[in-house]
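# An overview of the molecular structure
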Amino acid sequence: MKKSILFFTAVLWIISHVFAGEDSNKIVISKWLKTASYELDFPVFYDFENTKGKTFELTDLLEFDHLRFEDYFPQEGKLLSNVNGKTLTWTSDFTDGNGYVFIDEEETGNPRVAYIAAYIWADRWINTTLEIKSPHMLRAWLNGELIGTKRSTEKEEGTVGRVSKDLKLERGKHLLLIKTLKPAEATLDWKVMANLEIKDPWSISDIDISVSPANRKNINHILDGFKISGIQPSHDGKYYSVNFSRALPPSDQSERWSEIRRTEDRKVIHSFRHSQISRLQWLPNSNRISYTHSRGGKTTLYLHDFENGQITELINDLDNFRSYNWSPNEEFIIYTIREEGSSIDTDIRRVLGMQDRQSHFRHRSFIYHYDIQSGKHQRLTYGNLTTSLQDISPDSKRILLSQSFPYYTQRPYSKQNMYILSLDDMTLDALWLDELRGVSARFSPDGNYLLATGGPSAFNEAGLNVPEGTIPNNYDTQAFIYNLRDGTVNAFTRDFDPSIASVYWHKPDNVIYMVTVDEDFRRIYRYDVRRDRISPVDLGVDYISSASFADNARTAIIRASQTNAPSKHYLLNLRNMRTIILEDTEAEIYRHVEFGEVKNWDFTASTGVEVKGRVYYPPDFDADNTYPVIVYYYAGTTPVGRTFGGRYPFNLWAGSGYIVYVLQPSGATGFGQEFSAAHVNNWGVTVADEIIEGAQKFLQAHPYTNPERVGCAGASYGGFMTMLLMTRTDMFTAAISHAGISSIASYWGEGYWGYAYSSEASAGSYPWNNHELYVGQSPLFHADQINTPLLLVTGDSDTNVPPGESIQLYTALKILGRPVELIKVKDQDHHILAYSKRKLWHNVIMAWWDKYLKDQGEWWEDQFPEKNY
């Protein structure tokens, strides 16, 4: 009996709240969040005319923002504000049989205002019309944007004014917020109703109304809110500096500032917001900071003791100032000045080699010494080659500096000189000259060794660990200890599979800490120098983006995320390897976002290679349903890491109703040198087959995937792989290539770094000696094999992979009559970074997936309506 009553009630609700018309339905919002009303006061002199002859009116009260709702999400039971001694809390309420929600009233002599809100969930992109009705004044916002104002109050029963607005809703949840005002003398009921008109091809099932802010990840979560771009502890770990940024939409500008905080309680000790400082550094042995301020092209360096408030100007009005470093004893600074070379902006210009195509090549940078006590400046380097500071010795008596220069007749097409300069007598000792395999290096805490990073071939192949006759992948970074006394090298990561992202030789415990690329994870390992032993530091996180160490304390700050949780900054105790959360800025913006599961899924290819992978599931995943699938890969020299964000946010795609399969084909670093060496001279020879085989096996192993709705995507080298895959298989429904390479030869010669990247990826192979690679593996020469709808996307100012790579494949496919689209993003390089263009670019990608993997082409057609050209 109870079930029958519930069913009958539900039928009555549907009848009264979904109104069918010819080719349309209307959904009435039947449940709202609302606040109690509160009284508004007119300002004094409201009845005096202003300079324009206008007195203050009720509409002025309506249009004045009494409360701010930026980044605010109403929730039942949540406090909105305390106004005039009255607590405003959100409560939920249903509408009556006519669809109206009523505002609680009190008899007063002044006008009153109240707020109501509801959440509109769009299950797909939809074009709809919102209609709001009320006898009284109101203003309405959708996602914080004003969409309508009703400035009149009706006086006769049965008359209701309205606000109407055409809306284009992207998939996801949208907040509708209404401010309503009732004059003191008004007699009609205080009520509001709203409905959405749904027209073909959409249906009422595409929309859901709720009072819950629970949401899926969207592009605003990625771009908006407060972000941390850098964090660094003081020498003793007592304080830390943190660099914040915040986008300022709808512009492409952003706000950036730094703060000094106390570690024990996160208290802000000093804020540099609106101060326009840069290059903030901690001094190596005291809790003081230095920073620069630039004006009119000139830079001044300051020393700031925030514990006593003293600020000292150290160096002022330097032209072309680039960087600086403190000596460990804090007695001097080593700084760099750039000397401008000839301009490339001339009518006719001789190009001095491949690097000279870049605007900065003819500039040179040199090193200077500044003594703090005497105020004396000394130039330390000169010549025709830039000198770069690598490090200052712990005793502050020597500096390690390097030079690099082009050497185009032998790969990798540059050489390095490394020197130690004695500051006492300006004696220069060369550690090595004309070395093809350059490294980065720093002194050990005792000054007797260098900790260096470079490819396996560095130091005469000391780090090499591949089968005989195999060419190594020198992007698989190794770590080395170089003995300054005798020049011997300890390649201590040679038999260690993870690749090195960064290293730090920590003085307090004489341990080398390594942030590593460990398969598709980023993890920390520690190398015990005395025992010659590497061991993992298990922090329970998936992806460590950075690690900063206190110079004189056993403390570090790491930035890390989970695959499905945003980054946090942790304070790491290096004595017991325990962490506490130090900064969690993104928790606020993601507080209402729901995520699905992420599971590992690996397979063994027919060649015997084990290929790792992972799968992102929608938050509401149901194994009894079927889902479209997106297959993503890079397939180049680095794995697709388990970063939470990124330009290709897999958890966002999954939240849009897709199952996302990410795989790591052979050739990536982080799996051992033999695995990464498969990248060399491959260009998809075996890797394309691994992706095809993996996608096929994945679909077979997961019955809830729809094999008729499978997309694939990749960017840069992954964009090349997408193009190549289209020549090898028709298994995919649609594909996306961002900044892909269609002709290996033209990329090799035209991209700013094409020849340099190819020195490893195509080691020893050139267009004149390996046609099988440069032609056989180039998608352009097999364009007639492409049948799958292909979206080609490129920044029109891409200097890495030039736009011509996409344009020439587009040309071929258009001539062949194949389904292809080309999207160029104005004034963007290899990565789409500008805020507004990042959003447009993202929408293009999502609309393409919806068009081909869900048969929902309306969003694409709205972005690119057909014109009769």
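We now turn to the structure provided with this report.

### Topic: the overall build of the protein chain
A tally of regular secondary structure across the protein chain gives 14 helices and 53 strands. Compactness check: the protein chain gives a C-alpha radius of gyration of 32 Å against a globular reference of 29 Å for 869 residues, within 12% of the reference. Overall, the protein chain is about 95 × 70 × 65 Å in size when its C-alpha atoms are taken along their principal axes. A burial count over the protein chain gives 53% of its 869 residues as buried. Carbon and sulfur atoms make up 47% of the accessible area of the protein chain, which amounts to about 39,200 Å² in all.

### Notes on the sheet that holds strand S32 (residues 428-435)
Within a beta sheet, neighbouring strands are joined by backbone hydrogen bonds and run either parallel or antiparallel to one another. Strand order in the open sheet formed by four strands is S29-S30-S31-S32, with antiparallel pairing between adjacent strands. Bordering the open sheet on either side are strand S29 (388-392) and S32, each of which pairs with just one other strand. Neighbour-to-neighbour, the strand axes of the sheet open up by a mean angle of 15°, direction not taken into account.

### A short note on the sheet that holds strand S34 (residues 449-454)
Pairing within the open sheet is antiparallel, and its four strands lie in the order S33-S34-S35-S36. Looking at the sheet topology across the chains shown, the edges are occupied by strand S33 (440-443) and strand S36 (489-490). Pairing of strand S35 (residues 478-483) with S36 involves two bridges; the strand directions are antiparallel. Looking at S36, one finds that Ile-481 is bridged to Asn-490.

### Focus: the packing of helix H7 (residues 687-701) against helix H8 (residues 717-728)
Packing of H7 against H8 leaves a shortest axis separation of 10 Å and a crossing angle of 70°. Between H7 and H8, the crossing angle belongs to the class labelled roughly perpendicular. Judged by residue contacts, Val-687, Ala-688, Asp-689, Ile-691 and Ile-692 of H7 engage Met-721, Leu-724, Leu-725 and Arg-728 from H8. Partitioned by chemical class, the residues of the contact of H7 with H8 number seven nonpolar, no polar and two charged.

### Some thoughts on the side chain of Asn-843
Along the chain, the position of Asn-843 falls in helix H13 (residues 835-853). The class for Asn-843 is buried, based on a relative accessible area of 11%. Ignoring sequence-local partners within four residues, the contact set of Asn-843 consists of Glu-170, Trp-859 and Gln-863.

### Notes on H7
Compared with the 21 Å implied by 1.5 Å per residue over 15 residues, the 21 Å span of H7 between its first and last C-alpha is a close match. For H7, the full list of buried residues reads Val-687, Ala-688, Glu-690, Ile-691, Ile-692, Glu-693, Gly-694, Ala-695, Phe-698 and Leu-699. In the core, the buried residues of H7 are packed alongside strand S46 (603-604), strand S47 (610-616), strand S48 (627-632), strand S49 (659-664), strand S50 (705-715) and H8.

### Some thoughts on the pattern of salt bridges
Proximity of charged atoms lets side chains of opposite charge pair with each other. Enumeration according to the criterion identifies 45 salt bridges in this entry. A salt bridge links Lys-227 to Glu-586, with the shortest nitrogen-to-oxygen separation between them at 2.9 Å. Of this pair, Lys-227 sits in strand S17 (residues 226-233) while Glu-586 sits in the loop between strand S44 (578-583) and strand S45 (598-600); the two residues are 359 residues apart in sequence, bridging distant segments of the chain. The class of Lys-227 is buried, set by a relative accessible area of 16%. Across the salt bridge formed by Arg-246 and Glu-255, the nearest N and O atoms sit 3.0 Å from each other.

### Notes on the packing of aromatic side chains
Per the stated rule, a full pass over the model turns up 63 aromatic pairs. With a centroid separation of 4.7 Å and 50° between ring planes, the pair formed by Trp-848 and Tyr-852 is classed as tilted. Here the residue Trp-848 and the residue Tyr-852 both occupy positions in helix H13, the gap between them amounting to four residues, near one helical turn. Both residues of the pair, Trp-848 and Tyr-852, count as buried. The rings of Tyr-616, Tyr-632, Tyr-633, Tyr-648, Phe-650, Trp-653, Trp-841 and Trp-849 are connected pair by pair, giving a single aromatic cluster. Positioned above the aromatic ring of Phe-361, the side-chain terminus of Arg-364 is 5.3 Å from the ring centre. The ring of Phe-521 carries Arg-523 above its face, with NZ or CZ at 3.9 Å from the centroid.

### Considering the nonpolar core
Val-631, Trp-653, Trp-683, Met-721 and Trp-849 are the most contacted members of the largest nonpolar core, which totals 123 residues. With ten residues, the top contributor of residues to this core is H13. Of all hydrophobic cores here, the second largest spans 23 residues; its members include Leu-40, Phe-69, Tyr-115 and Leu-177.

### Remarks on the pairing of S50
Both S48 and S50 contribute to a ladder of five bridges, which runs parallel. Across the sheet, the residue bridging to Tyr-632 is Ala-713, located in S50. Here S50 runs beside strand S51 (residues 734-738); their pairing, made up of five bridges, is parallel. Looking at the pairing, Gly-714 lines up with Ser-737 of S51. Of the crossover connections in this fold, the one passing from S50 over H8 to the parallel S51 is right-handed.

### Describing the pairing of strand S15 (residues 191-199)
Among the nine residues in S15, eight count as buried, and that is most of the element. Direction of pairing for strand S10 (residues 126-134) relative to S15: antiparallel, over a ladder of five bridges. Pairing of Leu-130 across the sheet is with Leu-196, part of S15.

### Quick word on unusual backbone geometry
Omega for the peptide link from Asp-200 to Pro-201 comes to 10°, which places this bond in the cis form. Take Pro-201: it is sitting in the loop between S15 and strand S16 (207-210). Geometrically, the link from Arg-411 to Pro-412 is a cis peptide bond, its omega value of 10° lying close to zero. Mapped onto the elements, Pro-412 comes out in the loop between strand S30 (398-406) and strand S31 (414-422). Backbone geometry places Gln-276, a non-glycine residue, at a positive phi of 60°. Residue position: Gln-276 is located in the loop between strand S20 (268-271) and strand S21 (278-282). Its identity as a non-glycine residue notwithstanding, Trp-683 has a phi of 45°, on the positive side. Relative to the helices and strands, Trp-683 is located in the loop between helix H6 (673-676) and H7. Judged by relative accessible area, Trp-683 falls into the buried class, the value being 0%.

Reading the values: the criteria
- Residues numbered from 1 in each chain as written.
- Predicted model: local features only at pLDDT ≥ 70, side-chain atom pairs only at ≥ 80, totals over all residues.
- Heavy atoms only, no water.
- Helix = DSSP H or I, 4+ residues; strand = E, 2+ residues; numbered from the N terminus.
- Rg over C-alpha atoms; globule rule 2.2 N^0.38 Å.
- Buried < 20%, exposed > 50% of the residue type's maximum accessible area, 1.4 Å probe, protein only.
- Areas by Shrake-Rupley, 256 points an atom, 1.4 Å probe, with all protein chains shown as cover.
- Pairing = 2+ DSSP bridges.
- Axes fitted to C-alpha atoms, helices over the stretch in contact; angles between N-to-C directions.
- Parallel < 35°, antiparallel > 145°, perpendicular 65-115°, else oblique.
- Contact = heavy atoms within 4.5 Å.
- Nonpolar A, V, L, I, M, F, W, Y, C, P; charged D, E, K, R; others polar.
- Expected span 1.5 Å × (residues − 1).
- Salt bridge = Lys/Arg side-chain N within 4 Å of Asp/Glu carboxyl O.
- Phe/Tyr/Trp six-rings, centres within 6.5 Å; stacked < 30°, edge-to-face > 60°.
- Lys NZ or Arg CZ within 6 Å of the ring centre and 35° of its normal.
- Core = buried A, V, L, I, M, F, W, Y, C linked by side-chain atoms within 4.5 Å.
- Right-handed = clockwise from strand over helix to strand, strands pointing away.

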